[in-house]
Amino acid sequence: MLCRYRFNNKYMLLSLLVINVVYINYHVFVAQKTKGPTLETIKANVESIKIENTKWLPEAPLSRYPGHGANKSQTLKERLEKRIRHLRDECKIVRNNKPLNFDKLGAFQYPWMYVNHEHKVVYCQIPKVGTSNWLKIFAVLESKMNKTSDLGSNKIHDVALPMVSYLNRTARDYAMKHYTKFLVAREPFDRALSAYRDKFIPKEGYGRPMFAKLGKALIDRYRNDSKNPTRSEPFPSFPEYVKYLTDPKNSEVPTHYSEPRHWQPQTDLCYPCNINYDYILRIENIEEESDFILRKVGAPSGVRYPDQKTKTSEEIKKDMMRVHYSQVPPADVNALFHYYGLDYQLFGYDPPPQF
């Protein structure tokens, strides 16, 4: 039987070889008769195609980013688990998965982590990613408020809430080991634009922008270097702001220690590779994902993520992104992508589009 199998297999391979040769010759003959393009012509056409302004796209294949070809039939639990697996795999790739030593952190390096002991949950705060709403939720869990609508987004920051940094070493280590830990991420370019619009642009009824002093410093440093040196607005343009974010010497610009947190990479603020998070939520799906985490930790059924009355539609958000980023020189867009490179890589966001 073995000899017969080898004999038949030998002739099968020979037959396939003959069929393949005939097939190729036939198509060459047809191509010549129909005067189709030659191989050399095809190569020349391919090489003539120029793709501009894509140097800022990631070098990693897009298949590594979960946003590409995501399986929409996945359950929320499966999607969150996949997000954590992706994070841990990427942390291994960047060789940055050593546990965080809290005792060796400087005063301004400590992650802003809020803790609720009753429900055994820890939340790492990242500015411009729905933090005011999460502080409202933690205030309700701490019985500082009856409901999340009791205080506005500005006043909630004045409410004293328990933080991991306030705990002694024993209590801190216990919470970090046994409590449910999560953070909320946001698409990096969208977050950077949100910080600019919220902190540097004057708002009706609010007088000066919140970061007016820093805005003036940006104008003094970058306005003469911009494409519009004759701008007269008393606040930095978006290209000037991006120039500041990507300037290797931007630490020379005097700031309050809490201001840069609004645009610093999210990975710099919450140490996702060094803290063993249980869940990475996304602000883009916050209603669904926040409800999951709150039910997971046993929060009362009435405690939910506050309604987003001013939520911007996806189409308007895309238009805003296009309008602002199209003003920025491609080299600076490239630099900004690399500035947020780890945010894109670790949190699995799709690379931003060309503007």
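For the structure, check the block above.
Below you will find a few notes about this structure. (Residues numbered from 1 in each chain as written. Predicted model: local features only at pLDDT ≥ 70, side-chain atom pairs only at ≥ 80, totals over all residues. Heavy atoms only, no water.)

### Digging into the packing of aromatic side chains
Okay, so step 1: Counting across every chain of the model gives 25 aromatic pairs.
Okay, so step 2: The side chain of Arg261 reaches across the aromatic face of Trp112, ending 3.7 Å from its centre.
Okay, so step 3: Just above the ring of Tyr349 sits the side chain of Arg282; from NZ or CZ to the centre is 4.1 Å. (Phe/Tyr/Trp six-rings, centres within 6.5 Å; stacked < 30°, edge-to-face > 60°. Lys NZ or Arg CZ within 6 Å of the ring centre and 35° of its normal.)

### Topic: unusual backbone geometry
Okay, so step 1: Positive phi, normally seen in glycine, also occurs at Lys128, with a value near 70 degrees.
Okay, so step 2: One can find Lys128 in the loop between strand S2 (121-124) and helix H4 (131-141).
Okay, so step 3: The residue Tyr271 is not glycine, and still its phi comes out positive at about 50 degrees.
Okay, so step 4: Overall, the relative accessible area of 15% leaves Tyr271 in the buried class. (Helix = DSSP H or I, 4+ residues; strand = E, 2+ residues; numbered from the N terminus. Buried < 20%, exposed > 50% of the residue type's maximum accessible area, 1.4 Å probe, protein only.)

### With respect to the state of the cysteines
Okay, so step 1: According to the stated counting rule, one finds two disulfides in the structure shown.
Okay, so step 2: Across the disulfide from Cys91 sits Cys273; the S-S distance is 2.0 Å. The chirality of the disulfide connecting Cys91 with Cys273 is left-handed, given an S-S dihedral of about -85 degrees. One end of the pair, Cys91, is in helix H3 (residues 76-93); the other, Cys273, is in the loop between helix H9 (266-270) and strand S4 (279-282), and 182 residues separate them in sequence.
Okay, so step 3: Here Cys124 engages in a disulfide with Cys270; their sulfurs sit 2.0 Å apart. On the S-S bond that ties Cys124 to Cys270, the torsion sits near -95 degrees, and the link is left-handed. Taken as a pair, Cys124 in strand S2 and Cys270 in helix H9 lie far apart in primary sequence, 146 residues in all.
Okay, so step 4: By relative accessible area, which is 1% here, Cys124 ends up buried. (Disulfide = S-S within 2.5 Å.)

### With respect to the nonpolar core
Okay, so step 1: Membership of the largest hydrophobic core comes to 86 residues, with the highest contact counts inside it found for Trp134, Phe182, Tyr241 and Trp263.
Okay, so step 2: A total of seven residues in this core trace back to one element, the largest contributor, which is H4.
Okay, so step 3: When near neighbours in sequence (up to four residues on either side) are disregarded, Trp263 contacts Arg191, Ala195, Phe200, Phe211, Leu214, Tyr241, Tyr244, Leu245, Tyr339 and Tyr340. (Core = buried A, V, L, I, M, F, W, Y, C linked by side-chain atoms within 4.5 Å. Contact = heavy atoms within 4.5 Å.)

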